[in-house]
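Spelled out from the first residue to the last, the chains are:
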Amino acid sequence: MSTLPTFDTAASAIQTQHPAVLNFKGLHPKDLGKFAMHDKRRGGDLSHINTRLSAMNEVLHGGPQWIDTVREKIRAARATNYKEHIAALKAKSRQREAAEVEAAGPRDPWWPCKGGPMREGLLTVNKAWFGGAGQSLWDPERIKAFTRTALTFLRTYFPGDQLCYASAHRDEEAFHIHFIVLVWTVRTTLNRGRQILLQASANPLLARYEYAQDLVGAAFHHLGIRRGAHRAEQRRAARAAGRPAPEPRRHVPPSQYRQAEIARGRAEAQRLVSAAEAKAAGIVDAARRSAAELARDGDEAQRRLAATLAQIGRLKSERAAQDAALLHLRKSADAERGRAAEAKEDADQAVKRYRLANAAAREAQAKAKGIVGSLTLGLRLFAEGMFTFADNETGSNLRLVWTARARDLPQQHRNEARLNPVLPLLKRFADTVSAALEAMVRKERRAIADDAAFLANLRDSLNPDQIARLSRIAAARDMDGPGF
């Protein structure tokens with residue numbers, strides 16, 4: 001068990017857009033099971049929970065047996081305090097009192113307090129800071145930064161074993177962190193001896209709410225999250241000036257807020273029903289009075305009474321129809337809210353898939369552009385005779401060899417890393433060009449051979465002068481080459 005040292009005074013956070021939210025409420029050890037049940041989404045009010053995302057909730061601090069550990073520490077403190085109390089009384093020769101304490105048995109190691117000796121805390125910020133309402137809109141980097149800062153804050157100001165448990169919830173509109181704090185202190189007196197007690201106020205942060213707000217504002221200031229408004233200071237200033245002090249703000253849990261809204265709706269519905277009943281009762285009373293007056297007039301009175309009763313029947317029918325319509329509207333509104341939530345979730349997923357596909361398309365376009373550029377450069381250099389390919393190498397072993405013409409080529413164009421990805425394509429192009437040239441050479445050589453045979457046959461029928469002239473023509477053709 002650890003006790004808390006005094007912290008340095010924290011500077012107030014500079015005002016920025018969103019205030020940090022840090023709340024505490026008392027917690028009794030017997031209620032730890034209820035807390036764990038709701039934390040694991042196994043019970044409690046789950047009407048505001050998106051259970052499809054509950055698997056993403058994360059335990060940030062505390063092992064799976066943290067509740068058993070807390071209960072064991074309380075049991076050990078209860079037993080130790082019991083023995084110390086009896087021993088201290090006996091040491092002062094107060095045997096009768098020692099016997100009474102021994103007969104009463106061990107007591108809980110805390111003084112009676114409202115809510116309980118432990119503290120349950122909530123740490124968050126407005127959902128707009130994370131990116132919007134719901135996990136699909138949150139910025140992952142902001143979630144990481146907030147979680148990292150929150151854990152540092154909790155472990156700094158609740159040192160040792162004071163921080164029992166912390167969990168991050170991602171299945172509600174705003175990301176938030178729940179945590180449990182257990183603050184022990186040691187008090188030694190002559191009458192009770194050394195007592196180990198649960199006392200939340202032994203931690204300065206829990207003793208002074210304003211001090212806690214200063215600390216959390218300073219801790220989150222680098223994320224653009226400010227301290228909440230100085231409302232306590234404003235109330236003190238108003239009282240000092242003799243002005244009416246503003247009412248203290250009270251944290252309202254979501255479950256209480258929803259119950260209050262339901263109660264207000266029911267009260268409004270009851271008011272409408274009561275007004276309709278009063279109106280109907282008034283109409284009935286008026287009809288009865290009219291009927292009594294008109295009864296003296298015979299048939300006319302009976303006719304007017306029947307008309308009044310018919311009107312009452314219509315009003316009752318209208319009221320029944322209104323009640324049915326109201327019930328139908330309520331059911332339709334609930335169904336529409338459910339469909340709207342599902343449609344929003346589907347739309348968020350579609351936007352995410354579109355963004356991923358768009359990013360992949362841009363990446364593929366950039367890659368294709370790079371390949372086209374490399375292929376264009378390689379074709380130009382190959383056409384200019386700047387390189388050839390190493391013999392007997394194919395596939396992944398394919399490599400280029402720079403020719404003598406590439407000596408004067410700028411270094412940025414001799415970028416083998418850029419050309420290597422397109423070497424198989426360049427090799428196919430080179431093989432195709434070589435095959436075409438080889439076919440042209442074979443065709444030209446066949447034509448030359450045919451011409452030579454024709455000339456040889458022709459020599460036999462020519463005189464010596466004609467043969468000499470023909471030899472000169474053939475020699476001139478040999479000097480010019482095959483003509484390609």
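Above: the structure in question.
This report concerns the structure included in the present document. (Residues numbered from 1 in each chain as written. Predicted model: local features only at pLDDT ≥ 70, side-chain atom pairs only at ≥ 80, totals over all residues. Heavy atoms only, no water.)

1. Overview of the overall build of the chain
Part 1: Secondary structure summary: the chain contains 13 helices and ten strands in total.
Part 2: Considering the chain as a whole, with its 484 residues, one finds that 30% of them fall into the buried category.
Part 3: Counting only contacts in the chain whose residues sit at least 6 apart along the sequence, the fraction spanning at least 24 positions is 68%. (Helix = DSSP H or I, 4+ residues; strand = E, 2+ residues; numbered from the N terminus. Buried < 20%, exposed > 50% of the residue type's maximum accessible area, 1.4 Å probe, protein only. Contact = heavy atoms within 4.5 Å.)

2. Let's talk about the environment of P159
Part 1: Looking at where P159 falls in the secondary structure, it is placed in the loop between α5 (140–157) and β4 (163–169).
Part 2: Put simply, P159 and V183 are 24 residues apart on the chain and 9.6 Å apart in space, counted from C-alpha to C-alpha.

3. Focus: the pattern of salt bridges
Part 1: All told, the structure shown has 18 salt bridges when counted by the stated rule.
Part 2: For K73, the salt bridge identified is with D161, shortest N-O distance 2.9 Å. Here the residue K73 occupies a position in helix α2 (residues 66–91), and D161 occupies one in the loop between α5 and β4, the gap between them amounting to 88 residues.
Part 3: Its salt-bridge partner being E336, residue R339 comes within 2.3 Å of it at the nearest N-O pair. Of the two residues, R339 and E336 both sit in helix α10 (residues 299–383), three residues apart, roughly one turn of that helix.
Part 4: With a relative accessible area of 46%, R339 lands in the partly exposed category.
Part 5: When salt bridges with common partners are traced through the structure, they connect R41, D171 and E172 into a single cluster. (Salt bridge = Lys/Arg side-chain N within 4 Å of Asp/Glu carboxyl O.)

4. Considering α2
Part 1: Compared with an ideal rise of 1.5 Å per residue, which puts 26 residues at 38 Å, α2 spans 37 Å between its outermost C-alpha atoms and is within 8% of the ideal.
Part 2: Listed in full, the buried residues belonging to α2 are W66, I67, V70, I74, A77, N81, Y82, H85, I86, A88 and L89.
Part 3: In the segment just after α2, S93 is the residue with positive phi, at about 60°. (Expected span 1.5 Å × (residues − 1).)

5. Comments concerning the side chain of R41
Part 1: Inspection of the secondary structure assignment puts R41 in the loop between α1 (32–39) and β2 (58–61).
Part 2: Polar contacts involving the side chain of R41 include one to the side chain of D171, which spans 2.8 Å.
Part 3: One polar contact links R41 to E172, side chain to side chain, over a distance of 3.0 Å.
Part 4: If near-sequence neighbours (up to four positions away) are discounted, R41 is found in contact with L46, I49, S54, N57, H169, D171 and E172. (Polar contact = N/O pair within 3.5 Å; in protein donor to acceptor, adjacent residues only side chain to side chain.)

6. A closer look at the nonpolar core
Part 1: Judged by nonpolar contacts, the single largest core of 35 residues is most densely connected at L123, F146, F153 and F179.
Part 2: Among the elements of the structure, β1 (18–27), β3 (118–125), α4 (127–130), α5, β4, β5 (176–181), α6 (204–207) and α7 (209–220) are those that each provide at least two residues to this core.
Part 3: Looking at which element gives the most residues to this core, the answer is α5, with eight residues.
Part 4: For F179, the residues in contact, after removing those within four places along its chain, are L22, F24, R119, E120, G121, L122, L123, L154, F158, L163, Y165 and A166.
Part 5: Within the second largest apolar cluster, 17 residues are counted, among which are V70, W110, I180 and L198. (Core = buried A, V, L, I, M, F, W, Y, C linked by side-chain atoms within 4.5 Å.)

7. Concerning the packing of α1 against α2
Part 1: Where α1 contacts α2, the two axes come as close as 11 Å, and the packing angle between them is 170°. On the basis of the axis angle, α1 is roughly antiparallel to α2. Here L32, G33, F35 and A36 of α1 lie close against α2, whose contacting residues are W66, I67, V70 and R71. (Axes fitted to C-alpha atoms, helices over the stretch in contact; angles between N-to-C directions. Parallel < 35°, antiparallel > 145°, perpendicular 65-115°, else oblique.)

8. Quick notes on the packing of aromatic side chains
Part 1: Taken as a whole, this structure holds 15 aromatic pairs when the rule is applied.
Part 2: On the basis of an interplanar angle of 50° and a centroid distance of 6.2 Å, the ring pair of F130 and W138 is categorised as tilted.
Part 3: Using a relative accessible area of 1% as the deciding quantity, one classes F130 as buried.
Part 4: We classify W138 as buried; its relative accessible area is 7%.
Part 5: Where F146 meets F175, the ring centres are 6.1 Å apart and the plane angle is 85°; that geometry is what we call edge-to-face. With a gap of 29 residues between them, F146 in helix α5 and F175 in the loop between β4 and β5 connect regions that are remote in the sequence. Both residues of the pair, F146 and F175, count as buried. (Phe/Tyr/Trp six-rings, centres within 6.5 Å; stacked < 30°, edge-to-face > 60°.)

9. What about the pairing of strand β7 (residues 193–198)?
Part 1: Within β7, five of the six residues are buried, which leaves the element mostly enclosed by the surrounding structure.
Part 2: Pairing analysis gives six bridges linking strand β6 (residues 184–189) to β7, with the strands arranged antiparallel. By the bridge assignment, R187 is partnered in β7 with Q195.
Part 3: Taken together, β6 and the strand that follows it, β7, pair antiparallel across an intervening segment of three residues. (Pairing = 2+ DSSP bridges.)

10. A closer look at the environment of D214
Part 1: Relative to the helices and strands, D214 is located in helix α7.
Part 2: Among the residues examined, D214 registers a relative accessible area of 15% and is labelled buried.
Part 3: Note: C-alpha distance between D214 and R227 (13 residues apart in sequence) is 6.4 Å.

11. Looking at the sheet that holds β3
Part 1: The strand order β2-β4-β5-β3-β1-β8 describes an open sheet built from six strands, whose pairing is mixed. Two strands in the sheet have a free side with no partner beyond their single neighbour: β2 and β8 (225–226).
Part 2: Sheet topology note: the β4/β5 ladder contains six bridges and is antiparallel. Note that in β5 the partner of S167 across the bridge is H178.
Part 3: With respect to the sheet, α1 is in contact with β1, β3, β4 and β5, its orientation differing from that of β4 by roughly 25°.

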